[in-house]
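Remarks on the overall topology
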Amino acid sequence: MSKLLTVYLQYIKNYYRSKSFFLMLFLIIIISAMMVYFSFKYVNDLPKILGSNALPLDLKIALFYFLWSLILLYIPVFASVFFGSPAISSEIENKTAFYIFPLPINRHKLFVGKFLAAFSVTLVIVLIYIIVEAATLSFIFKKPPEIYFYYSLVLLILFVLSMTSLTFMISAIFNKNTYAYISVLLIYYIVFYAGSFIIELLYKIDPFYLLSDAASIIQRVYVNINTEDFFARQSLAPAPFPDIMLAGLIMFVYFVATFVIGLFLFDRKEVQ
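Conventions we followed
Residues numbered from 1 in each chain as written. Predicted model: local features only at pLDDT ≥ 70, side-chain atom pairs only at ≥ 80, totals over all residues. Heavy atoms only, no water. Helix = DSSP H or I, 4+ residues; strand = E, 2+ residues; numbered from the N terminus. Buried < 20%, exposed > 50% of the residue type's maximum accessible area, 1.4 Å probe, protein only. Areas by Shrake-Rupley, 256 points an atom, 1.4 Å probe, with all protein chains shown as cover. Polar contact = N/O pair within 3.5 Å; in protein donor to acceptor, adjacent residues only side chain to side chain. UniProt positions renumbered as here; feature names shortened; annotations may be inferred. Phe/Tyr/Trp six-rings, centres within 6.5 Å; stacked < 30°, edge-to-face > 60°. Lys NZ or Arg CZ within 6 Å of the ring centre and 35° of its normal. Contact = heavy atoms within 4.5 Å. Axes fitted to C-alpha atoms, helices over the stretch in contact; angles between N-to-C directions. Parallel < 35°, antiparallel > 145°, perpendicular 65-115°, else oblique. Left-handed = near helix turned anticlockwise from the far one by under 90°.

In terms of helices and strands, the protein chain carries 13 helices and 0 strands. Helices and strands appear in the protein chain in the N-to-C order α-α-α-α-α-α-α-α-α-α-α-α-α. Expressed as a percentage of the 272 residues in the protein chain, the buried residues total 49%. When the accessible area of the protein chain is evaluated, it comes to approximately 13600 Å², of which 72% is carbon and sulfur surface.

Right, here's the structure in full:
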(Lines give C-alpha, C1' and ligand atoms only; values in the text may rest on other atoms or scores of the structure.)
Protein backbone atom coordinates (compact mmCIF):
# COMPACT_ATOMS: atom_id res chain seq x y z
CA MET A 1 0.00 0.00 0.00
CA SER A 2 2.91 2.36 0.68
CA LYS A 3 4.17 1.92 -2.90
CA LEU A 4 0.67 2.49 -4.26
CA LEU A 5 0.35 5.66 -2.20
CA THR A 6 3.76 6.83 -3.44
CA VAL A 7 2.74 6.29 -7.06
CA TYR A 8 -0.58 8.07 -6.47
CA LEU A 9 1.00 11.10 -4.81
CA GLN A 10 3.71 11.39 -7.44
CA TYR A 11 1.25 11.40 -10.33
CA ILE A 12 -1.09 13.75 -8.47
CA LYS A 13 1.81 16.23 -8.32
CA ASN A 14 2.50 15.71 -12.02
CA TYR A 15 -1.13 16.38 -12.92
CA TYR A 16 -1.42 19.52 -10.81
CA ARG A 17 1.74 20.90 -12.39
CA SER A 18 0.65 20.11 -15.95
CA LYS A 19 -0.63 22.53 -18.56
CA SER A 20 -3.67 20.27 -19.04
CA PHE A 21 -4.79 20.89 -15.46
CA PHE A 22 -4.47 24.66 -15.71
CA LEU A 23 -6.24 24.64 -19.08
CA MET A 24 -9.16 22.61 -17.70
CA LEU A 25 -9.24 24.80 -14.58
CA PHE A 26 -9.40 27.93 -16.71
CA LEU A 27 -12.16 26.48 -18.88
CA ILE A 28 -14.26 25.30 -15.93
CA ILE A 29 -14.02 28.71 -14.26
CA ILE A 30 -15.13 30.43 -17.48
CA ILE A 31 -17.99 27.98 -18.04
CA SER A 32 -19.12 28.23 -14.41
CA ALA A 33 -19.05 32.04 -14.55
CA MET A 34 -21.16 32.01 -17.74
CA MET A 35 -23.74 29.71 -16.15
CA VAL A 36 -23.90 31.94 -13.06
CA TYR A 37 -24.51 34.96 -15.28
CA PHE A 38 -27.26 33.26 -17.29
CA SER A 39 -28.92 31.91 -14.12
CA PHE A 40 -29.21 35.37 -12.57
CA LYS A 41 -30.18 37.02 -15.84
CA TYR A 42 -32.92 34.57 -16.87
CA VAL A 43 -34.22 33.37 -13.51
CA ASN A 44 -37.50 35.23 -14.06
CA ASP A 45 -37.71 34.65 -17.81
CA LEU A 46 -37.73 30.85 -17.86
CA PRO A 47 -41.56 30.52 -17.85
CA LYS A 48 -41.80 32.86 -20.85
CA ILE A 49 -39.13 30.92 -22.72
CA LEU A 50 -41.12 27.72 -22.13
CA GLY A 51 -44.34 29.41 -23.25
CA SER A 52 -45.91 29.48 -19.80
CA ASN A 53 -47.04 32.36 -17.64
CA ALA A 54 -45.85 30.72 -14.45
CA LEU A 55 -44.13 27.58 -13.20
CA PRO A 56 -44.34 25.90 -9.80
CA LEU A 57 -41.24 26.76 -7.77
CA ASP A 58 -40.11 23.13 -7.45
CA LEU A 59 -40.33 22.60 -11.21
CA LYS A 60 -38.51 25.87 -11.87
CA ILE A 61 -35.67 24.81 -9.58
CA ALA A 62 -35.51 21.36 -11.20
CA LEU A 63 -35.34 22.93 -14.65
CA PHE A 64 -32.44 25.17 -13.66
CA TYR A 65 -30.52 22.19 -12.25
CA PHE A 66 -31.35 20.36 -15.47
CA LEU A 67 -29.95 23.22 -17.57
CA TRP A 68 -26.75 23.27 -15.55
CA SER A 69 -26.38 19.51 -15.98
CA LEU A 70 -26.59 19.85 -19.78
CA ILE A 71 -23.10 21.35 -19.66
CA LEU A 72 -22.04 19.04 -16.86
CA LEU A 73 -22.36 15.95 -19.08
CA TYR A 74 -19.50 17.13 -21.30
CA ILE A 75 -17.02 18.09 -18.57
CA PRO A 76 -16.07 14.55 -17.43
CA VAL A 77 -15.57 13.49 -21.05
CA PHE A 78 -13.04 16.20 -21.90
CA ALA A 79 -11.39 16.20 -18.46
CA SER A 80 -10.86 12.43 -18.55
CA VAL A 81 -9.52 12.71 -22.11
CA PHE A 82 -7.01 15.33 -20.97
CA PHE A 83 -5.88 13.37 -17.91
CA GLY A 84 -6.53 9.74 -18.85
CA SER A 85 -5.74 9.38 -22.55
CA PRO A 86 -2.00 10.08 -22.26
CA ALA A 87 -1.62 8.18 -18.97
CA ILE A 88 -0.11 5.04 -20.51
CA SER A 89 0.67 6.03 -24.09
CA SER A 90 2.79 9.00 -22.97
CA GLU A 91 5.12 6.68 -21.03
CA ILE A 92 5.88 4.86 -24.29
CA GLU A 93 5.95 7.90 -26.56
CA ASN A 94 8.20 9.92 -24.24
CA LYS A 95 10.42 6.91 -23.48
CA THR A 96 9.87 7.33 -19.73
CA ALA A 97 8.70 3.71 -19.61
CA PHE A 98 12.35 2.65 -19.94
CA TYR A 99 12.93 4.13 -16.47
CA ILE A 100 9.56 3.44 -14.82
CA PHE A 101 8.80 -0.14 -15.84
CA PRO A 102 12.09 -1.64 -14.45
CA LEU A 103 11.40 -0.09 -11.01
CA PRO A 104 10.52 -2.57 -8.23
CA ILE A 105 6.84 -1.64 -8.38
CA ASN A 106 4.16 -4.09 -9.41
CA ARG A 107 2.55 -2.96 -12.69
CA HIS A 108 -0.88 -3.39 -11.18
CA LYS A 109 -0.01 -0.89 -8.44
CA LEU A 110 1.44 1.47 -11.03
CA PHE A 111 -1.74 1.28 -13.10
CA VAL A 112 -4.05 1.71 -10.10
CA GLY A 113 -1.99 4.61 -8.73
CA LYS A 114 -2.05 6.42 -12.07
CA PHE A 115 -5.76 5.72 -12.43
CA LEU A 116 -6.62 7.08 -8.99
CA ALA A 117 -4.55 10.19 -9.66
CA ALA A 118 -6.31 10.86 -12.98
CA PHE A 119 -9.70 10.18 -11.41
CA SER A 120 -8.96 12.53 -8.50
CA VAL A 121 -7.90 15.41 -10.72
CA THR A 122 -10.89 14.92 -13.03
CA LEU A 123 -13.20 14.84 -10.02
CA VAL A 124 -11.71 18.08 -8.67
CA ILE A 125 -12.44 19.83 -11.98
CA VAL A 126 -16.00 18.52 -12.02
CA LEU A 127 -16.64 19.35 -8.36
CA ILE A 128 -15.68 22.99 -8.93
CA TYR A 129 -18.59 23.26 -11.36
CA ILE A 130 -20.90 21.33 -9.00
CA ILE A 131 -20.08 23.58 -6.03
CA VAL A 132 -20.68 26.73 -8.06
CA GLU A 133 -23.95 25.25 -9.34
CA ALA A 134 -25.25 24.37 -5.87
CA ALA A 135 -24.16 27.71 -4.36
CA THR A 136 -25.68 29.76 -7.18
CA LEU A 137 -29.05 28.03 -7.32
CA SER A 138 -29.32 27.81 -3.53
CA PHE A 139 -28.74 31.58 -3.34
CA ILE A 140 -31.20 32.39 -6.13
CA PHE A 141 -34.04 30.20 -4.87
CA LYS A 142 -33.22 30.43 -1.13
CA LYS A 143 -33.42 26.63 -0.88
CA PRO A 144 -30.68 24.01 -0.40
CA PRO A 145 -30.36 21.28 -3.06
CA GLU A 146 -33.03 18.59 -2.99
CA ILE A 147 -32.34 14.86 -2.78
CA TYR A 148 -32.18 14.59 -6.59
CA PHE A 149 -29.08 16.78 -6.59
CA TYR A 150 -27.29 14.14 -4.50
CA TYR A 151 -28.57 11.35 -6.76
CA SER A 152 -27.08 13.26 -9.67
CA LEU A 153 -23.79 13.74 -7.80
CA VAL A 154 -23.39 10.02 -7.08
CA LEU A 155 -24.21 9.18 -10.69
CA LEU A 156 -21.73 11.81 -11.83
CA ILE A 157 -18.97 10.16 -9.81
CA LEU A 158 -19.83 6.83 -11.45
CA PHE A 159 -19.66 8.53 -14.85
CA VAL A 160 -16.24 10.01 -14.06
CA LEU A 161 -15.04 6.56 -12.98
CA SER A 162 -16.31 4.92 -16.17
CA MET A 163 -14.88 7.63 -18.45
CA THR A 164 -11.49 7.59 -16.73
CA SER A 165 -11.40 3.82 -16.95
CA LEU A 166 -12.34 3.92 -20.64
CA THR A 167 -9.58 6.42 -21.42
CA PHE A 168 -7.01 4.30 -19.55
CA MET A 169 -8.02 1.23 -21.52
CA ILE A 170 -7.61 3.11 -24.82
CA SER A 171 -4.33 4.62 -23.64
CA ALA A 172 -3.01 1.13 -22.90
CA ILE A 173 -3.65 0.12 -26.51
CA PHE A 174 -1.70 2.88 -28.26
CA ASN A 175 1.88 4.10 -28.04
CA LYS A 176 1.12 7.67 -29.13
CA ASN A 177 -0.94 10.27 -27.28
CA THR A 178 -2.62 11.61 -30.40
CA TYR A 179 -4.09 8.22 -31.27
CA ALA A 180 -5.41 7.81 -27.73
CA TYR A 181 -7.01 11.28 -27.68
CA ILE A 182 -8.72 10.82 -31.04
CA SER A 183 -9.85 7.25 -30.32
CA VAL A 184 -11.59 8.16 -27.04
CA LEU A 185 -13.45 11.08 -28.63
CA LEU A 186 -14.44 8.96 -31.63
CA ILE A 187 -15.70 6.14 -29.45
CA TYR A 188 -17.74 8.42 -27.23
CA TYR A 189 -19.18 10.82 -29.77
CA ILE A 190 -19.41 8.57 -32.84
CA VAL A 191 -19.92 5.05 -31.51
CA PHE A 192 -22.00 5.98 -28.46
CA TYR A 193 -23.78 9.23 -29.41
CA ALA A 194 -24.27 8.65 -33.13
CA GLY A 195 -24.82 4.93 -32.56
CA SER A 196 -27.59 5.70 -30.08
CA PHE A 197 -29.38 7.92 -32.58
CA ILE A 198 -29.02 5.41 -35.43
CA ILE A 199 -30.30 2.50 -33.32
CA GLU A 200 -33.28 4.59 -32.22
CA LEU A 201 -34.00 5.77 -35.77
CA LEU A 202 -33.70 2.42 -37.54
CA TYR A 203 -34.86 -0.09 -34.94
CA LYS A 204 -36.97 1.99 -32.52
CA ILE A 205 -35.02 0.42 -29.63
CA ASP A 206 -33.79 2.37 -26.64
CA PRO A 207 -29.99 1.74 -26.46
CA PHE A 208 -29.91 2.11 -22.68
CA TYR A 209 -26.77 -0.03 -22.56
CA LEU A 210 -24.61 2.63 -24.26
CA LEU A 211 -22.52 4.76 -21.90
CA SER A 212 -23.71 8.09 -23.28
CA ASP A 213 -27.34 7.06 -22.87
CA ALA A 214 -26.75 5.85 -19.32
CA ALA A 215 -24.94 9.10 -18.46
CA SER A 216 -28.03 11.11 -19.44
CA ILE A 217 -29.53 10.02 -16.10
CA ILE A 218 -27.34 12.72 -14.48
CA GLN A 219 -29.73 15.32 -15.89
CA ARG A 220 -32.87 13.17 -16.01
CA VAL A 221 -33.00 12.88 -12.23
CA TYR A 222 -34.40 16.43 -12.35
CA VAL A 223 -36.74 16.15 -15.32
CA ASN A 224 -36.99 13.03 -17.43
CA ILE A 225 -35.92 14.63 -20.72
CA ASN A 226 -33.16 12.99 -22.71
CA THR A 227 -31.77 15.59 -25.11
CA GLU A 228 -29.95 12.87 -27.06
CA ASP A 229 -33.04 10.72 -27.57
CA PHE A 230 -35.71 12.29 -29.77
CA PHE A 231 -37.91 9.19 -29.76
CA ALA A 232 -38.21 8.47 -26.04
CA ARG A 233 -41.19 9.55 -23.97
CA GLN A 234 -40.22 12.84 -22.32
CA SER A 235 -41.58 14.08 -19.01
CA LEU A 236 -41.14 17.05 -16.66
CA ALA A 237 -41.29 14.60 -13.74
CA PRO A 238 -38.00 13.18 -12.40
CA ALA A 239 -36.75 9.91 -13.85
CA PRO A 240 -38.21 6.91 -11.96
CA PHE A 241 -35.95 5.24 -9.40
CA PRO A 242 -35.60 1.96 -11.39
CA ASP A 243 -34.20 3.99 -14.32
CA ILE A 244 -31.72 5.67 -11.97
CA MET A 245 -30.56 2.31 -10.61
CA LEU A 246 -30.27 0.77 -14.10
CA ALA A 247 -28.21 3.67 -15.46
CA GLY A 248 -25.96 3.58 -12.40
CA LEU A 249 -25.44 -0.16 -12.83
CA ILE A 250 -24.57 0.25 -16.52
CA MET A 251 -21.95 2.91 -15.74
CA PHE A 252 -20.51 0.68 -13.01
CA VAL A 253 -20.27 -2.25 -15.45
CA TYR A 254 -18.43 -0.02 -17.97
CA PHE A 255 -16.05 1.03 -15.20
CA VAL A 256 -15.26 -2.52 -14.08
CA ALA A 257 -15.00 -3.99 -17.60
CA THR A 258 -12.75 -1.29 -19.07
CA PHE A 259 -10.63 -1.14 -15.90
CA VAL A 260 -9.95 -4.89 -15.99
CA ILE A 261 -9.18 -4.83 -19.73
CA GLY A 262 -6.92 -1.79 -19.31
CA LEU A 263 -5.08 -3.46 -16.43
CA PHE A 264 -4.61 -6.62 -18.50
CA LEU A 265 -3.25 -4.65 -21.48
CA PHE A 266 -0.93 -2.58 -19.34
CA ASP A 267 0.45 -5.66 -17.60
CA ARG A 268 1.51 -7.02 -21.00
CA LYS A 269 2.67 -3.72 -22.45
CA GLU A 270 6.13 -3.96 -24.00
CA VAL A 271 8.61 -1.11 -24.27
CA GLN A 272 10.06 -0.83 -27.74
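The next subject is the side chain of Asn224. With respect to the helices and strands, Asn224 occurs in the loop between α12 (217-220) and α13 (241-267). For Asn224, a relative accessible area of 13% gives the class buried. A distance of 2.9 Å separates a polar atom in the side chain of Asn224 from a polar atom in the side chain of Arg220.

This part takes up the UniProt feature "transmembrane region" (unreviewed entry) in the protein chain. The feature "transmembrane region" (unreviewed entry), as given by UniProt, occupies residues 21-43, 63-83, 115-141, 147-174, 181-203 and 244-266 in the numbering adopted here. Across residues 21-43 one finds 96% helix and 0% strand; the C-alpha atoms that close the span lie 32 Å apart. Helix makes up 100% of residues 181-203 and strand 0%, whereas the separation of the span's terminal C-alpha atoms amounts to 31 Å.

Another aspect to go through is the packing of aromatic side chains. Summed over the entire model, instances satisfying the criterion amount to 31 aromatic pairs. Look at Phe208 and Tyr209: their rings are 5.6 Å apart centre to centre, the planes differ by 70°, and that puts the pair in the edge-to-face class. What makes Phe208 partly exposed here is its relative accessible area of 40%. One aromatic cluster is present, built from ring pairs that chain together Tyr74, Phe78, Phe159, Tyr188, Tyr189, Phe192, Tyr193 and Tyr254. Stacked on the ring of Tyr42, the Lys or Arg Lys41 has its end atom at 5.7 Å from the ring centre. Taking NZ or CZ as reference, Lys142 lies 4.2 Å from the ring centre of Phe139, over its face.

What follows covers the environment of Phe119. Relative to the assigned elements, Phe119 resides in helix α8 (residues 107-141). It is 9.4 Å that separates the C-alpha atoms of Phe119 and Ala79, two residues lying 40 residues apart in sequence. When sequence neighbours within four positions are dropped, the list of residues in contact with Phe119 reads Ile157, Val160, Leu161 and Thr164.

Let us look at the environment of Ala194. Relative to the helices and strands, Ala194 is located in helix α10 (residues 177-203). Given a relative accessible area of 28%, Ala194 falls into the partly exposed group. In sequence terms Ala194 and Ser212 are 18 residues apart; their C-alpha atoms lie 9.9 Å from each other.

It is at 11 Å that the axes of helix α4 (residues 57-72) and α8 come closest, and there the two elements cross at 160°. One finds that α4 runs roughly antiparallel with respect to α8. Taken as a pair, α4 and α8 cross one another with a handedness that is right-handed. In contact with Leu57, Lys60, Ile61, Phe64, Tyr65, Trp68, Ile71 and Leu72 of α4, α8 contributes Val126, Tyr129, Ile130, Val132, Glu133, Ala134, Thr136, Leu137, Ser138 and Phe141.

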